[in-house]
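As a plain string of letters, each chain reads:
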Amino acid sequence: MPEYRKVSTMKTAADFRAYVGSLDVEIPCDDTILVGDASPLSESFRVYDQTVGNRWAIHPMEGWDGTRTGGKSEEMERRWDRFGRSGAKLIWGGEAMAVLPEGRANPNQLILIEENLADIASLRETLVRRHEGLYGRSDDLFIGFQLTHSGRFCRPRDKSKLEPRVVYRHPILDRKFQVTSDDQVLTDDDIKCLIDAYVASAVLAQKAGAGFVDVKHCHGYLLHEFLG
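Since this is a predicted model, take the numbers as computed values, not measurements. (Residues numbered from 1 in each chain as written. Predicted model: local features only at pLDDT ≥ 70, side-chain atom pairs only at ≥ 80, totals over all residues. Heavy atoms only, no water.)

Participant: Before we go on, may I ask you to explain the overall build of the protein chain in this structure?
Facilitator: Looking only at helices and strands, one finds 6 helices and 6 strands in the protein chain. Of the regular secondary structure in the protein chain, the N- to C-terminal order runs α-β-β-β-α-β-α-β-α-α-β-α. By its C-alpha atoms, the protein chain is 60 × 55 × 30 Å across when sized along the principal axes. For the protein chain, buried positions account for 41% of its 228 residues. Element-wise, carbon and sulfur atoms account for 54% of the exposed surface of the protein chain, whose accessible area totals about 13400 Å². For the protein chain, the separation between the mean place of its 30 positive charges and that of its 35 negative charges on side chains is 4 Å. (Helix = DSSP H or I, 4+ residues; strand = E, 2+ residues; numbered from the N terminus. Buried < 20%, exposed > 50% of the residue type's maximum accessible area, 1.4 Å probe, protein only. Areas by Shrake-Rupley, 256 points an atom, 1.4 Å probe, with all protein chains shown as cover. Lys, Arg positive; Asp, Glu negative; His and termini not counted. Charge placed at Lys NZ, Arg CZ, Asp CG, Glu CD.)

Participant: Help me out: how do you make sense of helix 1 (residues 13–22) in this one?
Facilitator: An α-helix turns once per 3.6 residues; consequently, residues spaced three or four apart project the same way. When helix 1 is considered as a whole, its buried residues turn out to be Ala13, Phe16, Tyr19 and Val20. Taken end-on, helix 1 shows its buried residues confined to a sector of 130°, consistent with a single buried face. Opposite the buried face of helix 1, at more than 90 degrees from it, the exposed residues are Ala18 and Ser22. Downstream of helix 1 by a residue or two, Asp24 has a phi angle that is positive, lying close to 60°. (Arc of directions from axis to C-beta.)

Participant: What is the right way to read the nonpolar core from this model?
Facilitator: Core analysis: the biggest nonpolar cluster contains 30 residues, and Trp80, Met97, Leu112, Leu127, Ile143, Phe145 and Leu194 have the highest contact counts within it. At the level of elements, helix 2 (74–86), strand 4 (90–98), helix 3 (117–135), strand 5 (142–148), helix 5 (188–207) and helix 6 (222–227) are the ones that each hand at least two residues to this core. The element that contributes the greatest number of residues to this core is helix 3, accounting for 6 residues. When near neighbours in sequence (up to four residues on either side) are disregarded, Leu112 contacts Met97, Ala98, Ile120, Phe145, Leu147, Ser201, Leu204 and Ala205. (Core = buried A, V, L, I, M, F, W, Y, C linked by side-chain atoms within 4.5 Å. Contact = heavy atoms within 4.5 Å.)

Participant: Would you mind showing me how to read the pattern of salt bridges here?
Facilitator: A side chain with one charge can pair with a side chain of the opposite charge if their charged atoms come near. Across all of its chains, the model carries 16 salt bridges by this definition. Put simply, Glu62 and Lys216 hold a salt bridge, and the shortest N to O gap is 3.0 Å. Remark: Lys216 occurs in the loop between strand 6 (212–215) and helix 6 and Glu62 occurs in the loop between strand 3 (57–58) and helix 2; sequence separation between them is 154 residues. Note on Lys216: relative accessible area 7%, which makes it buried. Through salt bridges that share partners, Arg152, Arg169, Asp174, Asp182 and Glu225 make up one connected network. (Salt bridge = Lys/Arg side-chain N within 4 Å of Asp/Glu carboxyl O.)

Participant: Hey, could you run me through the packing of aromatic side chains in this one?
Facilitator: For any two aromatic rings, the description comes down to two numbers: the centre-to-centre distance and the angle of the planes. Counted under the stated rule, the structure contains 6 aromatic pairs. A network of ring pairs unites the aromatic residues Trp80, Phe83 and Phe145 as a single cluster. Arg5 extends its terminal NZ or CZ atom over the ring of Tyr19, reaching a point 5.5 Å from the ring centre. Stacked on the ring of Tyr168, the Lys or Arg Arg152 has its end atom at 5.8 Å from the ring centre. (Phe/Tyr/Trp six-rings, centres within 6.5 Å; stacked < 30°, edge-to-face > 60°. Lys NZ or Arg CZ within 6 Å of the ring centre and 35° of its normal.)

Participant: How should the sheet that holds strand 3 be read in this particular structure?
Facilitator: Within a sheet, each strand pairs with its neighbour through backbone hydrogen bonds, oriented either parallel or antiparallel. Sheet architecture is open: 4 strands sit in the order 3-4-5-6, paired in parallel fashion. Unpaired on one side and paired on the other, strand 3 and strand 6 mark the two borders of the sheet. As paired elements, strand 4 and strand 5 share 7 bridges and run parallel to each other. The partner of Ile91 across the bridge, within strand 5, is Ile143. Against the sheet, helix 2 engages strand 3, strand 4 and strand 5, with an angle of about 165° to strand 4. Lying on the sheet, helix 5 is in contact with strand 5 and strand 6; it crosses strand 5 at an angle near 160°. (Pairing = 2+ DSSP bridges. Axes fitted to C-alpha atoms, helices over the stretch in contact; angles between N-to-C directions.)

Participant: Looking at this model, I keep getting lost on helix 3. Mind explaining?
Facilitator: Helix length check: helix 3, at 19 residues, gives a terminal C-alpha distance of 27 Å against a target of 27 Å (1.5 Å per residue), a fit within 8%. For helix 3, the complete set of buried residues consists of Leu117, Ile120, Ala121, Ser122, Leu123, Thr126, Leu127, Val128 and His131. Just downstream of helix 3 lies Gly136, where phi reads positive at about 80°. (Expected span 1.5 Å × (residues − 1).)

Participant: Teacher, can you tell me more about the state of the cysteines here?
Facilitator: A covalent bond bridging the sulfur atoms of two cysteines is what the word disulfide describes. If you walk through the whole model with that rule in mind, you get 0 disulfides. In this structure Cys193 is not part of a disulfide, and its nearest cysteine sulfur, from Cys154, lies 15 Å away. (Disulfide = S-S within 2.5 Å.)

Here is the structure:
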């Protein structure tokens, strides 16, 4: 097998170009880093009818520091304030939000249900208010929420206790994630309820001011299993 160099070992642009050239790969590379208004990261772009003011993004992470009922906390409010301060114009989720209480990966994960709508809307408002105060505008902010169900990784009531729900049995993953019974496999009726929950959360996201939703299909979470 070929051995590949770590990017960190290449100290100059010329060194990088020479290495990728040796692999018969063409990757354009500037000799100097462009900064400020000259940087490509400062350029705006369009998503449908929305102008996004730059190419910096806040990706969706699971903060796991909300309330036990899936609402916001002081720590979460501070984080969304910092999202606004960052200057990033694309908020690609901010937090991963469960569509059902039992679909949380942690008992303190946000749940995008009716009972938490005001809390989640206020997180967005905190971000927008801080951003406007520092940068003078927010019409070029594009804010969306990520919707998720954690599947095999569910820990909705106790951080140390798995309560997995799965799409299919797996001889290796079942042992690791404590899937011991077919009762943990979603039924057709469960799947219909899950679809309804995603739709309901998307509607609530719009009510909370989100411009889009990201439906999480990665890292082995529930919807990733459907792709498998």
